[in-house]
Amino acid sequence: MLNKAKIAVLVSGGGTNLQALIDAQNEGKIKSGEIVLVVSNNSDAFALTRAEKAGIKTAVVSKKELGAQKFEEKLVEVLTENGIELIILAGFMCILSESFTSRYPKRIINVHPSLIPSFCGEGFYGLRVHEAALKYGVKVTGATVHFVNEIPDGGEIILQRAVEIKDGDTPEVLQRRVMEEAEWHLLPEAAELVSAEIIKER
Ligand code: GAR
């Protein structure tokens, strides 16, 4: 369908959330959007291999090589060239500045592995989030998909799901449960919701 919203997924690492998006797309669960580009800030990210296997175009834009400002300028260039309408941050470990986020109001979404506003903001990413939840001793955690604005993890919440913490959990075990029970479901669902909105507003 020509009408679909063009999606770029931004990644940094293993890309299990990217895989969940690809699988959902193949299963027809993302009807209103199509992943046309995967961008990584890290050329070694396994997520890039997942994209290539799925036949999706990839690009590497390195913050280390370019520096913060040129990095964002290059990102905008690549996204514009590819006609991207929705940007999905799926394990993308770079904080984007206001000059970037303000270009795409309600068009960037992020998955975060906790129930925002707990264990979020600068310094809370990946395994660190689960370490913090276990250290605090909360009994319930989860995942959140939210719009991205200039405040790290501060944009409007789109979807959230709770996940139980069990006795003896390690950060790794908890991370996996949060992915399996929450992230891999919520992110494709949110991708469809926002893509449908984009099509409606065209
Ligand atoms: C996921 O748990 C994601 O929620 C988290 O990093 C992991 C990436 O895994 N993102 C953040 O912490 C962002 N603040 P993946 O590369 O396998 O999708």
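Keep in mind the model is a prediction, meaning the values are calculated, not measured.

## Comments concerning unusual backbone geometry
Part 1 of the argument: Here the residue pair Ile116 and Pro117 is connected by a cis peptide bond, since its omega of 20 degrees sits within 30 degrees of zero.
Part 2 of the argument: Tracing the backbone shows Pro117 in the loop between β5 (108-112) and α6 (127-136).
Part 3 of the argument: The phi dihedral of Lys106 is positive, around 60 degrees, even though this residue is not glycine.
Part 4 of the argument: If you trace the backbone, Lys106 turns up in the loop between α5 (98-101) and β5.
Part 5 of the argument: Even without being a glycine, Phe119 presents a positive backbone phi close to 50 degrees.
Part 6 of the argument: Judged by its relative accessible area of 16%, Phe119 is buried.

## Topic: the sheet that holds β5
Sheet strands line up and pair through hydrogen bonds in the backbone, either parallel or antiparallel.
Part 1 of the argument: Pairing in this open sheet of seven strands is mixed, and the strands run β3-β2-β1-β4-β5-β6-β7 from one edge to the other. On the outer flanks of this sheet lie β3 (57-60) and β7 (157-164), each paired with one strand and no other. When the angles between neighbouring strand axes are averaged without regard to direction, this sheet yields 20 degrees.
Part 2 of the argument: One ladder, built from seven bridges, connects strand β6 (residues 140-147) with β7; its direction is antiparallel. Within the sheet, the bridge partner assigned to Thr141 lies in β7 and is Val163.

## Some details on the nonpolar core
Part 1 of the argument: Core analysis: the biggest nonpolar cluster contains 39 residues, and Val9, Ile88 and Ile109 have the highest contact counts within it.
Part 2 of the argument: It is helix α7 (residues 171-201) that contributes the most residues to this core, nine residues altogether.
Part 3 of the argument: Of all hydrophobic cores here, the second largest spans 21 residues; its members include Leu75, Val78, Leu79 and Phe100.

Here is what the cut-offs are and how they apply
- Residues numbered from 1 in each chain as written.
- Predicted model: local features only at pLDDT ≥ 70, side-chain atom pairs only at ≥ 80, totals over all residues.
- Heavy atoms only, no water.
- Helix = DSSP H or I, 4+ residues; strand = E, 2+ residues; numbered from the N terminus.
- Buried < 20%, exposed > 50% of the residue type's maximum accessible area, 1.4 Å probe, protein only.
- Pairing = 2+ DSSP bridges.
- Axes fitted to C-alpha atoms, helices over the stretch in contact; angles between N-to-C directions.
- Core = buried A, V, L, I, M, F, W, Y, C linked by side-chain atoms within 4.5 Å.

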